[in-house]
Structures are given as C-alpha cells and as structure tokens.
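Fold and contact review
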Amino acid sequence: MKSVCRLAIVDPNDTSRASLKHLLLGIDMVWLEAECSRYEFFTDVVMQTQPDIALVAMDADPAQGLAIVARVTQEMPTCSVLVVSSSTEGSVILQAMRNGAKEFLNYPLRLEDFLAALHRIQQIHGLREGETEVRSSQIYTIAGAAGGVGCTSLAVNLACVLAQNPANSVAVIDLDLSLGDADVWLDIIPDYTIQDVAENITRLDYALLKRSLTKHECGAFLLPRPIHLEEATPINPEELRRVITLLKATFTHLIIDLSKCISPLELAAMRASDTVLLVAQLDLPGLRNVVRLLQFFDRQEGISEKIKVVVNRLGLEETQISLTKAVETIGREIFWQIPNEYAAMVESRNNGVPLITQAPKSKLTKSIQQLALSIDKNPATENQDEPKKSKSLFRFLSSGSSK
Ligand SMILES: Nc1ncnc2c1ncn2[C@@H]1O[C@H](COP(=O)(O)OP(=O)(O)O)[C@@H](O)[C@H]1O
Ligand SMILES: [Mg+2]
C-alpha cells in the first residue's frame, strides 16, 4: 500500500491550472483527487472527495478565492488549505491566513516551495498514530586526493549496498562531468543525463527529473554525466543545489561522485553534503594532497567538519607508507580503511556488476557494508521482507488509500 497525499485544486484559469497540475502530477506521492474550474463548486467537490489538501489558485478572482478558503476551512477543518497567488499585497496574504490558509504560495508555483510548504504542514500536524518519523535525506560526497584512488568504485558500491535495504531509496550523481564513468560500473546506457536536467532547470519537475535517472537492478538510481564533452560547464553551483533539493525530497541517500578538480561546483556539492569521504591511498603524492586539501577545506565554510579520510587499497604494496605515519603526516584520524582486492574490483567493473553481487563475501564488500553502516546517521530499521517504500514526505497525510 502506498502512502499518498490526496489533493484537490481549484483554478478557473485553464492555463495556470494546467501548469499547476503538471507540476503536481510529477510528484510520486501526490494524488490529484479532483480539479475544479469554478470557485462556487469547490466546497462541494472538497466535501465529496475529502482531500488532505485543497489548493486554491486565487488570481482569477481574489475575493471569491478568499471566500472559498474560509468556507473550505470551516466545512472541513481536517483539510489543509494552500493558496497560490501572484499577489504580493500584504492585505491579501493576511486575509488568506485569517480565513484559514495554512500557506500562501507565490505563482508561478515552484516545486521546492510546494514541498517545503508540505513539510511545514507536516511539522505542525505531527505524525499520525502508528507512524514513524520520516527520515531525513543524507548526502555523501566522495572526493579523491589523486586520480584513480577509487572514488567511483566506492560511490557506486556504497550506493548498491545502501539500496539493499528496502527502506532506502538511493541515487548516485556523477559529477565528474568530463570523464565520469559511474555508468560503466553500473552497466547503464543512459537516455538522459545531468545535462538534460540542467538545461530544463527552470521548468524542472519530478516527472522530468525521474526520467533523467536510470535505475540499476540493485535498486540504486544514477544521474549520469553528460554524454558529450562540451567547452561550457553543463551545470552551475546554483543549479546543482536545486537538483539536490529536488532529489532530497525523493531519496533517502544521495551519493555524489566528484571529479578530481576542486571548483565552485565541487565545493557546492560538499557544502550540501552531510559527509565528505576524502579517499586516498598510502603513497606520498596522495598523502601530500590530503594535507593540501585539508588545509584548503579549513579555510572554506561548511566543509572541514564533514571530511572523513578513507584509505583505500590497504595492503597494495610492501612499500606503502604505514598507517601510523599517514596519521602523523595528515594530522587527522583515518576514518576508514578499505582493503586492496584487485580481482574482485576489476571483475565487478568489467562486468558492470556491483560488489554485493559479484563478490558478496569478500573482505572488500564487507568493508564497504560496514562503512555504509557507520556513516548512516539515520539507518533504516524496516523489515527487509517488506515491499520497497519510497521515503514518504507525505506519509503524515496518508489516508491509507491505495492508488
Ligand atoms: N579497494 C580496491 N581494491 C582493488 N582495486 C581497487 C580498489 N578500489 C579501486 N580499485 C581500482 O582502482 C581503479 C580506479 O578506481 P576508480 O574508482 O575508477 O577511481 P577514481 O574514481 O578515484 O578515479 C579501478 O580500476 C578499480 O578497479
Ligand atoms: Mg572516477
């Protein structure tokens, strides 16, 4: 059974109603119960359909719109009324709130604003009996201290490990925009990429965003790097932040695989993250870069405290620098050590099959599974046998109906 938020909308203007509908229909958990083109019929529609939310677009006739807000609130107090209006007049906003509107949203309605409003309503209403707290999203960014240290292999395999839990929904963003190869590791031939998302950023809705993600059979989704190399950067930091906001509303875990360059885009990804795994191997150039990077991150706002150093391919060569020496050099604890298992890793990559399938019992796989557990601030406890549930922002509004 799927938790849904049932919604009724009234807007006499066909064009704006169509655009509102388009936005709402793209959201998995929103079920458009009824739409109405006349204010005078809306109370009846609401009484018949008993939606969780009534969305009143007021621009066609603000006076009638305000009146309908009051009527719906009075007749059906359990229904949260949201107003959409292009008016910025304080008196209109005040009157709408006095009449019982829970939120006053600007037209054209932005998806983030709508989701944020729903979230606020959730906090006011609290959770229904028997419901558990909605888990917040977690973002892990994987950065490397040198080329080929194992960022993508870690990003992809961490995602696949997390996706094993049916209560998680996981997406990988390949932010190595020029040379990213997360699609190879997952054996995915993408139709859409992060470039499509960036190009449509202003009209981005869930339907489009979901089309741009490709699902791997392990359950994890991938937002791939652009297909062709271009001179211009396909996505800027502000656009990336927007994409992340939208993905956070759907996924419990986002994993961002970075390129080895540190530009404003990479910094934006790190700032948006809960945890940054800085991957290095125990060699001199790598450790020297760790020191340089840590010094740089110390001067940046909102990054340093998120960094966790991960040593990959431990035991690769006899000549490796010792862990004690490494800790001494970088002046920070090593958060995780991943063993070197070349055969398992290379087979996994060449077959496009994640480690949990390719080598489920290997030390390497176990290490990544343990790492996933130790960075997950909010691990899911759901029964593995239960059907996969998406993270439900709207669970609080669920009437238990199955659509
Ligand atoms: N723990 C490991 N054991 C053995 N080989 C590894 C390990 N981690 C990564 N590799 C190998 O290192 C190579 C580079 O890894 P990759 O994830 O592509 O690095 P990056 O994304 O940092 O450039 C891959 O061929 C992969 O097979
Ligand atoms: Mg890579």
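Before reading on, note that the structure itself is shown above.
Residues numbered from 1 in each chain as written. Chains lettered and ligands numbered in written order. Predicted model: local features only at pLDDT ≥ 70, side-chain atom pairs only at ≥ 80, totals over all residues. Heavy atoms only, no water.

The next point concerns the overall build of the protein. Along its length, the protein carries 16 helices and 13 strands. In the protein, which comprises 403 residues, the proportion classed as buried is 54%. Contacts in the protein between residues at least 24 apart in sequence constitute 77% of all its contacts with a sequence separation of at least 6. For the protein, the accessible area works out to roughly 18600 Å², and carbon and sulfur atoms hold 50% of it. (Helix = DSSP H or I, 4+ residues; strand = E, 2+ residues; numbered from the N terminus. Buried < 20%, exposed > 50% of the residue type's maximum accessible area, 1.4 Å probe, protein only. Contact = heavy atoms within 4.5 Å. Areas by Shrake-Rupley, 256 points an atom, 1.4 Å probe, with all protein chains shown as cover.)

Contacts to ligand 1 come from 19 residues, most closely from Cys151, Thr152, Ser153, Lys260 and Arg349. Measuring from an oxygen atom of ligand 1, one finds a backbone N or O atom of Val149 at 3.3 Å. Contact distances for ligand 1 include 2.9 Å between a nitrogen atom and a side-chain N or O atom of Asn312. Relative to its unbound accessible area of 560 Å², ligand 1 is 89% covered by the protein chains. The pocket occupied by ligand 1, as judged from atoms lying within 2 Å of grid points, is the largest pocket. Those elements that place two or more of their residues in the shell around ligand 1 are helix H6 (151-163), strand E12 (307-314), strand E13 (334-339) and helix H14 (342-351). (Near = heavy atom within 4 Å. Polar contact = N/O pair within 3.5 Å; in protein donor to acceptor, adjacent residues only side chain to side chain. 1 Å grid on protein atoms, 1.4 Å probe; cavity = no way out; pocket = protein on both sides within 12 Å on 5 of 7 lines; lining within 4 Å. Sits in = over half its atoms within 2 Å of the grid points.)

Once that is clear, we can look at the nonpolar core. Soluble globular proteins tend to pack their nonpolar side chains together in the buried interior. Of all hydrophobic cores here, the largest spans 68 residues; its most connected members are Leu7, Phe114, Leu175 and Leu247. Take this core: its biggest share by element is six residues, from helix H5 (residues 111-125). Once residues lying within four places of it in the same chain are set aside, the contact partners of Leu175 are Ile194, Leu240, Ile256, Asp257, Leu258, Ser259, Leu265, Glu266 and Ala269. The next biggest cluster of nonpolar side chains, apart from the first, holds 38 residues, and it includes Ile142, Val310, Ala344 and Ile368. (Core = buried A, V, L, I, M, F, W, Y, C linked by side-chain atoms within 4.5 Å.)

Right, let's get into the pairing of strand E5 (residues 103-106). Note: strand E4 (residues 80-85) against E5, four bridges, orientation parallel. If you follow Val83 over to E5, its bridge partner there is Phe104. (Pairing = 2+ DSSP bridges.)

This structure, assessed with the given rule, holds three aromatic pairs. Ring geometry for Phe296 against Phe297: centres 5.8 Å apart, planes inclined by 55 degrees, an arrangement best described as tilted. With centroids separated by 5.9 Å and ring planes inclined at 40 degrees, the aromatic side chains of Phe335 and Trp336 adopt a geometry described as tilted. When its relative accessible area of 22% is taken as the criterion, Phe335 is described as partly exposed. Across the ring face of Phe335, the terminal group of Lys308 is positioned such that the distance to the ring centre comes to 4.8 Å. (Phe/Tyr/Trp six-rings, centres within 6.5 Å; stacked < 30°, edge-to-face > 60°. Lys NZ or Arg CZ within 6 Å of the ring centre and 35° of its normal.)

Pro108 follows Tyr107 through a cis peptide bond whose omega is 0 degrees. Take Pro108: it is sitting in the loop between E5 and H5. One non-glycine residue, Asp187, lies in positive phi territory at about 50 degrees. Along the chain, Asp187 turns up in the loop between helix H7 (182-185) and helix H8 (194-199).

Once that is clear, we can look at the sheet that holds strand E1 (residues 5-10). Each strand in a sheet pairs with its neighbour through backbone hydrogen bonds, running either in the same direction (parallel) or in the opposite one (antiparallel). Read across the open sheet, the five strands follow the order E2-E1-E3-E4-E5; overall the sheet is parallel. Only two strands of the sheet have a single partner each, and these edge strands are strand E2 (30-36) and E5. Neighbour-to-neighbour, the strand axes of this sheet turn through a mean angle of 25 degrees, independent of strand direction. Against the sheet, helix H4 (residues 90-98) engages E4 and E5, with an angle of about 140 degrees to E5. (Axes fitted to C-alpha atoms, helices over the stretch in contact; angles between N-to-C directions.)

Below, the discussion takes up the pattern of salt bridges. Tallied over the entire structure, the rule returns twelve salt bridges. Between Glu328 and Lys325 there is a salt bridge, with its nearest N and O atoms 3.6 Å apart. Of this pair, Glu328 and Lys325 both sit in helix H13 (residues 323-330), separated by three residues, roughly a single helical turn. By relative accessible area, Lys325 is classed as partly exposed at 44%. Each of Asp14, Arg17, Lys21 and Glu35 takes part in salt bridges that share partners, so that together they form one network. (Salt bridge = Lys/Arg side-chain N within 4 Å of Asp/Glu carboxyl O.)

This part takes up the sheet that holds strand E7 (residues 170-175). Strand order in the open sheet formed by eight strands is E8-E9-E7-E10-E6-E11-E12-E13, with mixed pairing between adjacent strands. Unpaired on one side and paired on the other, strand E8 (214-215) and E13 mark the two borders of the sheet. Pairing geometry for E8 and strand E9 (residues 221-223), over two bridges, is antiparallel. Bridge pairing in E9 places Lys215 opposite Phe221.

Our focus in this paragraph is the packing of H6 against helix H16 (residues 363-375). Contact geometry of H6 with H16 gives a least axis separation of 9 Å together with a crossing angle of 75 degrees. Judged on the interaxial angle alone, H16 and H6 are roughly perpendicular. From H6, Leu154, Asn157, Leu158, Val161 and Leu162 reach across to H16, where they touch Ile368, Gln369, Leu371, Ala372 and Ile375. (Parallel < 35°, antiparallel > 145°, perpendicular 65-115°, else oblique.)

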